[in-house]
Amino acid sequence: MNASEKPSIERQALHLADSFRHRSTFQVILESLIYASIAAVAFIGNLVVLYIVYKIPRLRNVPGLLVASLAISDIAMATFGAPPSLASLIRGRWVSTFAVCQFQGFVVITTVAASLQTMALMSVDRYFRVVHPINHRIFFTMSRARLMSASVWILAMMYPVPYLASGRKYIFHPGKFFCFHEVKMSFESCVIYICICVSLATLSFCYYNVFKHLRLNRNRVRNLRKEFSSRHEKERRVSAEDIKMTQTLFVTVLGYLICWTPVLIIDFVDMASDGWSLPRKVYVMYTDIGLISSSLNPIIYGALNRTFRREYKKIFCFKTLSRVNETSFFEQTNTVNLALAK
C-alpha cells in the first residue's frame, strides 16, 4: 500500500464508521433484531441437533459424529462470535476490549475453517460409503472418525496463527460490525481462502463421483431386478438410507455454499480494490448471511430427515398440541351430535 492509497482507505473506514454511528433508532432496532434472531436460531437449533444425536442410538455413527462436529462449530460462532457484534450493533461502535476483538477474529476464522473441513470430511465419508463401501468399513470406523474430526478442529485452529504470528492484528470493521483482518492483504491473511478452495475442490470431486455412482447403481439394480445377484453385488449395492443421508448432507453443503458465495464475492471485491469500497448495507448483508449459514443445518435436517423431524415434534410439543386440538375437535363434534339427537 503506497502513501497515496492510505488516505483513501482511511476515508472509507471513517465513512463506514460515521454511517454506523449515525443510524436512525428504527434502523438500529431492525438490524439488531434481525441479527439477534439469526444468532438465537443458530444457537438453539444446533443445540437441539446435538441433543438428538446424543439421544438417538441409531445416530451415533460416523455421519452423526460429523453432524455433531458441524453443529459445534455453528454453536461456537453463535456463542463467541455473535455477542460482541450484537453489542456493537446496538451501540454503533466497538464496545468490547482489544483482547475480545482478537478472540472474535480468531473464533470466526477457526469456526469457518472447521465447518468447511467438516463438510469436506462428510463428502469423503459419503464418497467411500457409496463408491467404495468395502473400504469404507476399514477407513471410517468410529475410532478413526473421532480422530479425523479432532484433527479437523486442530487444523482449523492453526489457520489464524500465521496471520497473528506475522504481527498483524484483527481490527473492527464498522461495516461488517465484527473484527476482521487488516485491509492490506498478504499470504497470511489469505490462508483461510486457500482452505476454502481446497475444501470446495474436495466437495466437488466427492459429490460428483457419488451422484455419478448412484445413477449407475440405479441402472444396475434395474437390470438385475429379475436376476439372482451375487453376495459381492449385494455388498456394493447402496441402501435407501445411505442415499437419503447422502442427499441430506449434500443439501447441507449446498445451503452453506449459497450463503457463502456472496460473502466470498464481497471479500474478493475488497481484495481487488485494496479497501472497504462497498456500501455499508452490503457489509451488513455479508455478516447476516454468514451467520444464517450457521442456522440452516437444523432446518435442513428437520425437512429431509424423518428422525430429526420426529424428535423436533417431541421437543417443541408439536405432537402434543396436535393431539390436544384433535381431542378438542372430537369433543366438540360429539357435543353437536348429542344436541342434534335431542
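This structure is a prediction, so every number in the text was calculated from the model and none was measured.

### Observations concerning the environment of Ile171
Its place among the elements puts Ile171 in strand E1 (residues 171–173). Sequence spacing of Ile171 and Phe98 is 73 residues, and the spatial spacing of their C-alpha atoms is 8.8 Å. Here Ile171 is in contact with Cys101, Phe178, Cys179, Phe180, His181, Glu182, Val183 and Trp276, once residues within four sequence places are set aside.

### What to know about the state of the cysteines
All chains considered together, the criterion is met by one disulfide. There is a disulfide in this structure between Cys101 and Cys179, and the S-S distance comes to 2.0 Å. Judged by the torsion about the S-S bond (-120 degrees), the Cys101/Cys179 disulfide is left-handed. Here Cys101, found in helix H4 (residues 98–131), pairs with Cys179, found in strand E2 (residues 178–180); they are 78 residues apart in sequence, far enough to count as distant. This pair shows no difference in class: Cys101 is buried, exactly as Cys179 is. No disulfide involves Cys195; its sulfur sits 9.1 Å from the nearest other cysteine sulfur, which is in Cys197. Judged by its relative accessible area of 3%, Cys195 falls in the buried class.

### Quick word on helix H6 (residues 142–158)
Relative to the 24 Å expected for 17 residues at 1.5 Å per residue, H6 spans 25 Å between its end C-alpha atoms, a close match to the ideal helical length. The set of residues buried in H6 consists of Ala145, Ser149, Val152, Trp153 and Ala156. Here the buried residues of H6 occupy an arc of 90 degrees about the axis, which is enough to place them on one side. Among the exposed residues of H6, those oriented more than 90 degrees off its buried face are Ser143, Leu147 and Ile154. Each element contacted by the buried residues of H6 is listed here: helix H3 (62–91) and H4.

### Some details on the packing of helix H2 (residues 25–55) against helix H12 (residues 306–315)
Pairs of packed helices are described in terms of their axes, by the angle between the two and the distance that separates them. Where H2 contacts H12, the axes come no closer than 11 Å and their chain directions differ by 110 degrees. Comparing the axis directions of H2 and H12 gives the class roughly perpendicular. As for how H2 packs across H12, the hand of that crossing is right-handed. Counting all contacts with H2, which are made through Val48, Val49, Tyr51, Ile52, Val53 and Lys55, the residues of H12 involved are Phe308, Glu311, Tyr312 and Ile315. Split into classes, the residues belonging to the contact of H2 with H12 amount to eight nonpolar, no polar and two charged.

### Some thoughts on H12
When we look at burial in H12, the residues that qualify are Thr307, Phe308, Glu311 and Tyr312. Summarising the axial view, the buried residues of H12 lie within an arc of 135 degrees, below the 170-degree limit, and thus occupy one face. Sitting at the amino-terminal end of H12 is Asn305, which places a side-chain oxygen 2.9 Å from the backbone nitrogen of Thr307. Phi for Cys317, located one or two positions after H12, is positive at around 65 degrees.

What counts and what doesn't
- Along each chain, residues carry numbers from 1 onward, in the same order as the chain's sequence is written.
- Local features in this predicted model are restricted to residues of pLDDT 70 or higher, and side-chain atom pairs are both shown and tallied only at a pLDDT of 80 or more, whereas totals for entire chains, interfaces and linings draw on every residue.
- Hydrogens and waters are ignored; side-chain quantities use all the structure's heavy atoms.
- Only DSSP runs of H or I reaching four residues or more are called helices, and only runs of E reaching two or more are called strands; each is numbered from the N terminus.
- Any two residues whose heavy atoms approach within 4.5 Å at even a single point are treated as in contact.
- Working definition: a disulfide is two cysteine sulfur atoms within 2.5 Å of each other.
- For the exposure calls, accessible area comes from a 1.4 Å probe over protein chains only, and a residue counts as buried if that area is under 20% of its type's maximum, exposed if over 50%, partly exposed in between.
- Expected span of a helix, by definition, is 1.5 Å for each gap between consecutive residues, and there is one gap fewer than residues.
- Picture the helix axis, draw a direction to every C-beta atom, and the arc is the one those directions span.
- Lines fitted to C-alpha atoms define the axes, with helix axes restricted to the stretch in contact, and inter-axis angles between N-to-C directions lie between 0 and 180 degrees.
- Roughly parallel refers to an angle under 35 degrees, roughly antiparallel to one over 145, roughly perpendicular to one between 65 and 115, and oblique to any angle outside these ranges.
- For any pair of crossing helices, the crossing counts as left-handed if the nearer helix is rotated counterclockwise from the farther one by less than a right angle, and right-handed if it is rotated clockwise.
- For this scheme, ten residues count as nonpolar: Ala, Val, Leu, Ile, Met, Phe, Trp, Tyr, Cys and Pro. Four count as charged, namely Asp, Glu, Lys and Arg, and the remainder, Gly too, count as polar.
- Between N or O atoms, a polar contact is any pair within 3.5 Å; within protein, one atom must be a potential hydrogen donor and the other a potential acceptor, and residues adjacent in sequence are included only when both atoms are from side chains.

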